[in-house]
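Here are the chains, one letter per residue:
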Amino acid sequence: LSSRLARPGQASFRRLLFRAYKGQCLLTRENMSEVLEAIHIRPVKHQGSDQVGNGFLLRVDVHTLFDGGHIRIDPQGSVHYSEATKQSPSYRDLPEQVDLPRFISQQALEWRWNYT
């Protein structure tokens, strides 16, 4: 299960991430805006900010898997998948490594890695 809070700053955060990621999902390279979401690495409910360094742009289903701990990204950019995700034909072609943008907060990545 995942929970999402509607916040006044969400639209601005989304615009920032769309610009920073050039409108593409970090993992799938999907560029159809209707299925992309701006996500927080460190959630707002855990004192995460709406700064671009605390966000990824992910396809909706990948976001759900990320929030559920089925997809994890370590601070070096290695992508780790749950067994269920590895066995799903829909996710077999996802990368094992991503080039994280320089603007990503290492503190946010480390927090997320240790939290989930």
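Definitions and limits used
Residues numbered from 1 in each chain as written. Predicted model: local features only at pLDDT ≥ 70, side-chain atom pairs only at ≥ 80, totals over all residues. Heavy atoms only, no water. pLDDT = per-residue confidence, 0-100. Contact = heavy atoms within 4.5 Å. Salt bridge = Lys/Arg side-chain N within 4 Å of Asp/Glu carboxyl O. Helix = DSSP H or I, 4+ residues; strand = E, 2+ residues; numbered from the N terminus. Buried < 20%, exposed > 50% of the residue type's maximum accessible area, 1.4 Å probe, protein only. Pairing = 2+ DSSP bridges. Phe/Tyr/Trp six-rings, centres within 6.5 Å; stacked < 30°, edge-to-face > 60°. Lys NZ or Arg CZ within 6 Å of the ring centre and 35° of its normal. Arc of directions from axis to C-beta. 1 Å grid on protein atoms, 1.4 Å probe; cavity = no way out; pocket = protein on both sides within 12 Å on 5 of 7 lines; lining within 4 Å. Points joined across faces, edges and corners; volume = space filled by probe spheres on them. Nonpolar A, V, L, I, M, F, W, Y, C, P; charged D, E, K, R; others polar.

*Asks:* What am I meant to see in the confidence of the model for the chain here?
*Replies:* Regions with low pLDDT should not have their predicted coordinates read in detail. Within the chain, residue pLDDT values average 93, and 93% of them lie at 70 or more. This model gives residues 1–5 a pLDDT under 50, and the stretch forms 6 contacts once residues within four places in sequence are excluded.

*Asks:* How do you make sense of the pattern of salt bridges when you look at a structure like this?
*Replies:* Any two side chains of opposite charge can pair if their charged atoms end up close together. Applying the stated rule across the entire model yields 3 salt bridges. In this structure, Glu 83 and Lys 86 form a salt bridge, with 3.3 Å as the shortest nitrogen-oxygen distance. Taken together, the residues span about one helical turn, with Glu 83 and Lys 86 both in helix α3 (residues 83–87) at a distance of 3 residues.

*Asks:* Quick question: what am I supposed to make of the pairing of strand β2 (residues 55–59) here?
*Replies:* Here is the key point about a regular strand: its side chains alternate between the two faces of the sheet. Burial runs high along β2: 5 of the 5 residues are buried. Burial along β2 is two-sided: the face carrying Gly 55, Leu 57 and Arg 59 and the face carrying Phe 56 and Leu 58 are both buried. Inspection of the sheet shows strand β1 (residues 36–40) paired to β2 by 5 bridges, in the antiparallel sense. By the bridge assignment, His 40 is partnered in β2 with Gly 55.

*Asks:* Teacher, can you tell me more about the packing of aromatic side chains here?
*Replies:* Each aromatic ring pair is specified by the distance between its two centres and by the angle formed by the two planes. One pass over the structure, following the stated rule, counts 3 aromatic pairs. Measuring from centroid to centroid gives 5.8 Å for Phe 56 and Phe 66, while their planes differ by 80°, and the two rings are edge-to-face. With a gap of 10 residues between them, Phe 56 in strand β2 and Phe 66 in helix α2 (residues 60–67) connect regions that are remote in the sequence. A single burial state applies to Phe 56 and to Phe 66, both of which are buried. Judged by centre distance (4.4 Å) and plane angle (15°), the ring pair of Trp 111 and Tyr 115 falls under stacked. Taken as a pair, Trp 111 and Tyr 115 lie in helix α4 (residues 106–115) at a separation of 4 residues, close to a single helical turn. Here Tyr 115 falls in the partly exposed class, since its relative accessible area comes to 48%. Its guanidinium or amino end placed over the ring of Trp 113, Arg 72 lies 3.9 Å from that ring's centre, counting from NZ or CZ.

*Asks:* Looking at this structure, how should I read helix α1 (residues 10–20)?
*Replies:* In an α-helix, one full turn covers 3.6 residues, which means residues spaced three or four apart are oriented alike. Within the span of α1, buried status applies to Phe 13, Leu 17 and Phe 18. The buried residues of α1 all sit within an arc of 135° when viewed along its axis, so they share a single face. On its buried side, α1 packs onto β1 and β2. Just past α1, the residue Lys 22 takes up positive phi, approximately 55°.

*Asks:* Is there a simple way to think about empty space enclosed by the protein in this case?
*Replies:* Over the atoms rolls a probe the size of a water molecule, and in doing so it shows where empty space is left. In total, this model carries 1 cavity of 30 Å³ or more according to the counting rule given. Roughly 50 Å³ of volume is contained in the largest cavity. Going through the elements one at a time, β3 (71–73) and α4 are the ones with two or more residues in the lining of the largest cavity. Looking at which element gives the most residues to the lining of the largest cavity, the answer is β3, with 3 residues. Within the lining of the largest cavity, the residues separate by chemical class into 4 nonpolar, 2 polar and 2 charged.

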